[in-house]
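# Overview (structure and organization)
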Amino acid sequence: MANWSISKLVARSAVGTPATRRYPFTRREPFAATRGHVRFAEDTCVFCNLCAKVCPTDAIVVNRKEKRWMIDRRKCILCGACTESCRKACLFLENAPAPPMTAAEWERIRIETE
Amino acid sequence: MTAAQSIEPVDPSSLPNRAAAMRADGWRLMQICCTTVGPNFEILYSFANQLALKNLRATLPREGARLPSITGSYLCAFLYENEIHDLFGVAFDGLAIDFGGSLLKTRVKNPFAANATPA
Amino acid sequence: MSAPTQTKPRTIVPFGPQHPVLPEPIHLDLVLEDEKVVDAIPTIGFVHRGLEKLCEKHDFHKMTQVAERVCGICSFMHGMGYCQAIETVMGIEVPARALFLRTFWAELSRVHSHLLWLGLIADAFGFESLFMHSWRVREKILDIIEETSGGRVIFGSCKIGGIRRDVADDILRRIRRELDPIETEFRDIASVFDQDPTAKRRLRGLGALSREDAHALGAVGPTARGSGIDFDARKLGYAAYPQLEFEPVVETAGDCQARCSVRIREIHQSFDLLRQAIDKMPAGAIEVPVKGNPNGEYMSRLEQPRGEVGYYVKGDGKKNLGRFRVRTPTFANIPALIHMLKGCEFADVPVIVLTIDPCISCAER
């Protein structure tokens, strides 16, 4: 019997369905808790600079004068420190990852004032 | 939480003897750590015996820092001592396995000594 | 025959840092007599990153993220060990729920790390389908990790004073039910390691390390416990471990098979601890506010999948720490590894190197 301890696994693999997914055709949905990317909702932001201060990788730069909020997605490690620190609840961690980047650039969000 | 930790200052020259005594008492060398404190280096020797932890601390000036090696009692100390030699520039006398400064390949010599300039 | 050994020609074979069976950048100069290894000289330092020095640049809250990136496998426990050291220095009382969730994640990462290792060792002795089966089960553990913490590799959930995010009780209860089928699946894989004649032939009697040598060379974790040292740093009573029931897993043979079965039994033990942690999970807050800066020093010890790890922090009342030092288990196990290699066959070197579960990136912070 001892010599055949692998046979159970082999039999299951032979008759069972594959453990892998046929990726691009079937994709796994991200979990509710998955950290995909940081989303910025600009309408409530007061540019207090708190998120930039707590960011461990200095991925966020806030310019109060120009009302500009910038993030470098290459630096962001999705730790969630900024979303926790935000007093105005305008930063969120979304489940889906950010789209692939084609150039090394900062994502700038500027609020137009009339 | 965990048990209280004692740190006992020791004379650097008495280290090999102290290490031999610890070894005879059944302590295991847990780690050796070097810290730059002002003009001095503090070398912390931690010994563990089951759940107990005992620390010995040798303080020596940074200029021309030299210490006797404890590899005579604890052979496994050679890695820690070579690491401290490479990162801080502390010389060890009587190292059982001496890498001569080639254990870690660093761009700057002794990068952890406070006067090192980062690359 | 008492011919002096010097008469035999000696060959030095460089092994690593890049080698098909060795995923880690360690270099060994193997001194061979015919096919027998008589000595091994280790060289590390190919990937030294100097993370410890970063504590002078970042404030102590941000160092949590750096500590977590010391290793990609036991990332959570690195963050946890660092937080624990700072919390002790600052006298922070962490809420019970945070401690239990930390324990929960720590045990999950132990299961996934040991399953990863079982796969690697199967691959090292040429049992590739077993490698895939181990990693298939590991994937389910990774899914639980991602579902609860939000990350597969870097959990990012530990912070000074508690944890970043809570896990809902209904999710925990569902995970508790899911653990049983995963453990059943794992039992099938474990029986192959325990019983299969090919696995036994490659592991039994190989790389023997006596209890005395393991102690003298400062071995830790499964390497030491495989040689009969009943030391498990979880018994120190950090996090929620004082409230959970377990006994250190000890094997006495001291060979590769013993280290392998220590890890297999530890996976079962971790499943048990996971169930206990979920059952006893208290309600309440998950973090406390942290004020001030650390002033003092502390050496925090905890048990990682690879063994005991030590975090030394020294703060002097400033935002930046004076010194942050990690003594990783692999670093402590290298002298024991060198001892095991002496006298083995050349072809067995990869298997023996893998049985200490080397994580060289850990060893070179």
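In case you missed it, the structure is sitting above this.
Report follows, based on the coordinates. Residue numbers restart at each chain and count upward from 1, following the sequence in its written direction. Going through the entries in the order they are written, you letter the chains from A and number the ligands from 1. Local features in this predicted model are restricted to residues of pLDDT 70 or higher, and side-chain atom pairs are both shown and tallied only at a pLDDT of 80 or more, whereas totals for entire chains, interfaces and linings draw on every residue. The basis for the side-chain values is all heavy atoms of the structure; hydrogens and waters are excluded.

### Section: the pairing of strand 2 (residues 60-63) of chain A
All names here are of chain A.
- By the alternation rule, side chains of strand 2 split into Ile60 and Val62, which are all buried, and Val61 and Asn63, of which none is buried.
- By the bridge criterion, four bridges tie strand 2 to strand 3 (residues 68-71) in an arrangement that is antiparallel. The partner of asparagine 63 across the bridge, within strand 3, is arginine 68.
- Following DSSP output, two strands are said to pair if at least two bridges run between them. The way it works is that DSSP assigns letters per residue, a run of H or I at least four long becomes a helix, a run of E at least two long becomes a strand, and they are numbered from the N terminus. Where strand 2 folds back on strand 3, the antiparallel hairpin that results is connected by four residues, among which lysine 67 adopts a positive phi of roughly 55 degrees. A simple rule labels every residue: compare its accessible area, found with a 1.4 Å probe on the protein chains alone, to the largest value its type can have, and call it buried under 20%, exposed over 50%, or partly exposed in between.

### Comments concerning the sheet that holds strand 2 (residues 27-33) of chain C
Residues and elements named next belong to chain C.
- Spatial ordering of the open sheet is given by 1-2-3, a layout of three strands whose pairing is antiparallel. Two strands close off the open sheet at either side, each with one partner strand: strand 1 (10-15) and strand 3 (36-43). Each neighbouring strand pair of the sheet contributes to a mean axis angle of 20 degrees, computed without reference to strand direction.
- Of the strand pairs in this sheet, strand 1 and strand 2 are connected by six bridges, and their pairing is antiparallel. Each bridged residue has a counterpart across the sheet, and for phenylalanine 15 the counterpart in strand 2 is leucine 28.
- Against the sheet, helix 10 (residues 329-341) makes contact with strand 2 and strand 3, and its axis sits at roughly 160 degrees relative to strand 3, the strand it touches most. Axis angles are defined between N-to-C directions and span 0 to 180 degrees, where every axis is a line fitted to C-alpha atoms and, for a helix, only to the segment in contact. Contacts were defined at the residue level, with two residues in contact if any of their heavy atoms lie within 4.5 Å.

### Describing helix 2 (residues 77-88) of chain B
- For a helix, the expected span equals 1.5 Å multiplied by the number of residues minus one. In this model, helix 2 of chain B (12 residues) spans 16 Å end to end at C-alpha, consistent with the 16 Å of a helix rising 1.5 Å per residue.
- Counting buried positions along helix 2 of chain B yields 11 of 12 residues, so the element is predominantly enclosed.
- Those residues of helix 2 of chain B lying buried are B:Ala77, B:Phe78, B:Leu79, B:Tyr80, B:Glu81, B:Asn82, B:Glu83, B:Ile84, B:Asp86, B:Leu87 and B:Phe88.
- Where helix 2 of chain B is buried, its residues contact strand 2 (28-37), strand 3 (40-49) and strand 6 (91-93) of chain B together with strand 3, strand 8 (321-327) and helix 10 of chain C.
- Just downstream of helix 2 of chain B, B:Gly89 is the residue with a positive phi angle, here 80 degrees.

Note that all results are geometric; they support no functional claim without further evidence.
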